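Letter by letter, the chains look like this.
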Amino acid sequence: SSLDFWLTAGPWAHKFESRFAKWLGVKYCSLTNSGSSANLLAFSALTSPLLGERRIKRGDEVITVACGFPTTVTPCIQYGAIPVFVDMTVPEYNIDVTQLEAACSSKTKAVMIAHSLGNPFDLEAVKAFCDKHNLWLVEDNCDALGSVYTIDGEEKKTGTIGDIGTSSFYPPHHMTMGEGGAVYTNNPQLHKIINSFRDWGRDCWCVGGVDNTCGCRFTRQFGELPLGYDHKYVYSHFGYNLKVTDMQAAIGCAQLEKLDDIVEARRKNFAYLKQELQGVKGLILPEAQKNSNPSWFGFLISVKEDAGFTRNELAQHLESRKIQTRNLFAGNLLKHPAFDEMRKSGEGYRIAGDLTVTDFIMNNTLWIGVYPGMTKEMLDHMIASIQDFASARI
């Protein structure tokens, strides 16, 4: 790729899109420059006038959660739609599906949520809810590449069960391009719209270096443009330029060859941590969602409120032993400075019920890595550090 010197998205990008779609088991894949851009494209596609009455308009509602990564929610807010926040469950760390009906209103148009740290949310319940109310379902699959879920008797990869799935190829994720992401779907209309938003908003679907795929480049009329205006410069959406370079895509093609092994190594590391940390007092260990086989991004640990120590104390101990920890991203997005103005005004979002469990996660939960390159000695060091800390304080 470097020697070919095709700098923008080109042959390697097209190879990756084809190979990745085949690996996922979907018809269409659009490569983009980050997982956050993938979420932006997924949401933006649902605002297209081409979708008629199902398009998301400003003021319409999107059901989501406050405990996750902000860019699952940011596109909705930036567009002027209303996120409706639903509480979580522990130890699955996913949306509480019993609250979905209470969150639904006449303005609800979509559900857009992530599979937390690789653990699929209850896709059977969420998909049935979306089908019942004719809602779009966007699966933020950025932390769950390779997770599988059995629905209607068929095992499918997460990200492929809803209308649109998204992935991230940032370095900590299951595979990487340095920076990169993907949006995928089985819906040809959504695929065309996604590519339009990604490629400046243009109406033309010719790939780079190819002209006149439609066969009528200079013979049609669009909008109020003059007849025969070059289709390559006709814009049907207010879009962006969110493509990757071909060298990034080439890295992705190489990574994709290793992805199955990476997924299995992550599962193996998670299982070993779970086995060895069972019975440590004061801790709540994660549980896989029913009907799923997660491709774990990390190992979640919650500290019980009566444990005799706090999440922060455990985190500081682990960091002192050169074990990196992370919180579950935003914890509660509504508590962050970005929400100050909206929180004070009480406008621009809605909470269905309360966020009691979300706040528990914000205050009591951290996670440690299951990176596929970890050795048994590294894992044993993590396990011993947690066991020693907990036993000394109970």
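Quick caveat: nothing in here was measured; it's all calculated off a predicted structure.

Asker: Whenever I open this one, the packing of helix α9 (residues 311-320) against helix α12 (residues 376-391) confuses me. Can you help?
Answerer: In helix packing, the relevant descriptors are the interaxial angle and the interaxial distance, both defined with respect to the helix axes. Contact geometry for α9 and α12: axes closest at 10 Å, N-to-C directions at 135°. In this view, α9 runs oblique relative to α12, as classed from their interaxial angle. Note that α9 runs across α12; the crossing there is right-handed. On α12, the residues that touch Glu313, Leu314, His317 and Leu318 of α9 are Ser385, Ile386 and Phe389. Here the contact of α9 with α12 is composed, by residue class, of 4 nonpolar, 2 polar and 1 charged.

Asker: Explain helix α11 (residues 356-364) here, please?
Answerer: Given 3.6 residues to a turn, an α-helix orients residues that are three or four positions apart in the same direction. For α11, the complete set of buried residues consists of Thr358, Phe360, Ile361 and Asn364. Looking down the long axis of α11, one finds its buried residues gathered within 160° of arc, a one-sided arrangement. Summarising the contacts, the buried residues of α11 are in contact with β4 (88-89), β12 (283-284), β14 (298-303), α9 and β16 (365-369).

Asker: Would you take a moment to explain the packing of aromatic side chains for this structure?
Answerer: Between two aromatic rings, the relevant description is the distance of the centres plus the angle of the planes. For the structure on display, the rule yields 15 aromatic pairs. Note on Phe20 and Trp23: the rings are 6.3 Å apart at their centroids and 5° apart in plane angle, and the pair reads as stacked. Taken together, the residues Phe20 and Trp23, both in helix α1 (residues 11-24) and 3 residues apart, mark about one turn of the helix. Aromatic pair Phe329 and Trp367: ring centres 6.2 Å apart, planes at 70°, arrangement edge-to-face. Placement of the pair is Phe329 in the loop between α9 and α10 (340-345) and Trp367 in strand β16, with a sequence separation of 38 residues. Lying across the ring of Trp12, Lys15 places its NZ or CZ 4.0 Å from the centre.

Asker: How should the pattern of salt bridges be read in this particular structure?
Answerer: Pairing between side chains of opposite charge can happen when the charged atoms of each approach one another. Applying the stated rule across the entire model yields 13 salt bridges. In this structure, the salt-bridge partner of Glu101 is Lys132, at a minimum N-O distance of 3.2 Å. Residue Glu101 is found in helix α4 (residues 100-103), and its partner Lys132 is found in helix α5 (residues 123-133); the two are separated by 31 residues along the sequence. Given the relative accessible area of 42%, Glu101 is considered partly exposed. By relative accessible area, which is 61% here, Lys132 ends up exposed. Within the structure, one salt-bridge network assembled from shared partners comprises Asp211, Arg217, Asp230 and Lys232.

Asker: How do you make sense of the pairing of strand β1 (residues 28-32) when you look at a structure like this?
Answerer: Side chains on a regular strand alternate between the two faces of the sheet. In terms of residue burial, β1 counts as a mostly covered element, since 4 of its 5 residues are buried. Summarising the sheet, β1 and strand β11 (residues 181-185) pair through 5 bridges and their orientation is antiparallel. Residue Tyr28 lies in a different strand from β11, and its bridge partner there is Thr185.

Asker: Teacher, can you tell me more about the sheet that holds strand β6 (residues 108-114) here?
Answerer: Whenever strands of a sheet pair, they do so through backbone hydrogen bonds, lying parallel or antiparallel. Spatially, 8 strands are ordered β1-β11-β10-β7-β6-β2-β3-β15 in an open sheet, and the strand pairing comes out mixed. Bordering the open sheet on either side are β1 and β15 (350-351), each of which pairs with just one other strand. Examined bridge by bridge, β6 and strand β7 (residues 136-140) share 5 bridges and lie parallel to one another. Among the inter-strand pairings, Ile113 is bridged to a residue of β7, identified as Glu139. Relative to β7, α5 is tilted by about 150°, and along the sheet it contacts β2 (61-65), β6 and β7. On the sheet, helix α6 (residues 188-198) packs against β1, β7, β10 (164-168) and β11 and is oriented at approximately 15° with respect to β1.

Asker: Honestly, the nonpolar core in this entry has me stumped. Any pointers?
Answerer: The tendency in soluble globular proteins is for nonpolar side chains to be buried side by side. With 31 residues, the main nonpolar core has Ile63, Ile95, Val111, Val126 and Phe129 as its most contacted residues. If you list the elements that add at least two residues to this core, you get β2, β3 (82-86), α4, β6, α5, β8 (148-151) and α11. By residue number, the principal contributor to this core is α5, which donates 4 residues. Leu277, Leu283, Ile301 and Ala307 belong to the second-largest nonpolar core, a separate cluster that totals 26 residues.

Asker: I'm lost on the sheet that holds β8 in this one. Help?
Answerer: The 3 strands lie next to each other as β9-β8-β13, forming an open sheet whose pairing is antiparallel. Every interior strand has two partners, whereas the edge strands, β9 (154-157) and β13 (292-293), have only one. Relative to β9, β8 runs antiparallel, the two being bridged by 4 bridges. When the bridges of β9 are listed, Ile151 appears paired with Glu154.

Calculation notes
- Residues numbered from 1 in each chain as written.
- Predicted model: local features only at pLDDT ≥ 70, side-chain atom pairs only at ≥ 80, totals over all residues.
- Heavy atoms only, no water.
- Axes fitted to C-alpha atoms, helices over the stretch in contact; angles between N-to-C directions.
- Helix = DSSP H or I, 4+ residues; strand = E, 2+ residues; numbered from the N terminus.
- Parallel < 35°, antiparallel > 145°, perpendicular 65-115°, else oblique.
- Left-handed = near helix turned anticlockwise from the far one by under 90°.
- Contact = heavy atoms within 4.5 Å.
- Nonpolar A, V, L, I, M, F, W, Y, C, P; charged D, E, K, R; others polar.
- Buried < 20%, exposed > 50% of the residue type's maximum accessible area, 1.4 Å probe, protein only.
- Arc of directions from axis to C-beta.
- Phe/Tyr/Trp six-rings, centres within 6.5 Å; stacked < 30°, edge-to-face > 60°.
- Lys NZ or Arg CZ within 6 Å of the ring centre and 35° of its normal.
- Salt bridge = Lys/Arg side-chain N within 4 Å of Asp/Glu carboxyl O.
- Pairing = 2+ DSSP bridges.
- Core = buried A, V, L, I, M, F, W, Y, C linked by side-chain atoms within 4.5 Å.

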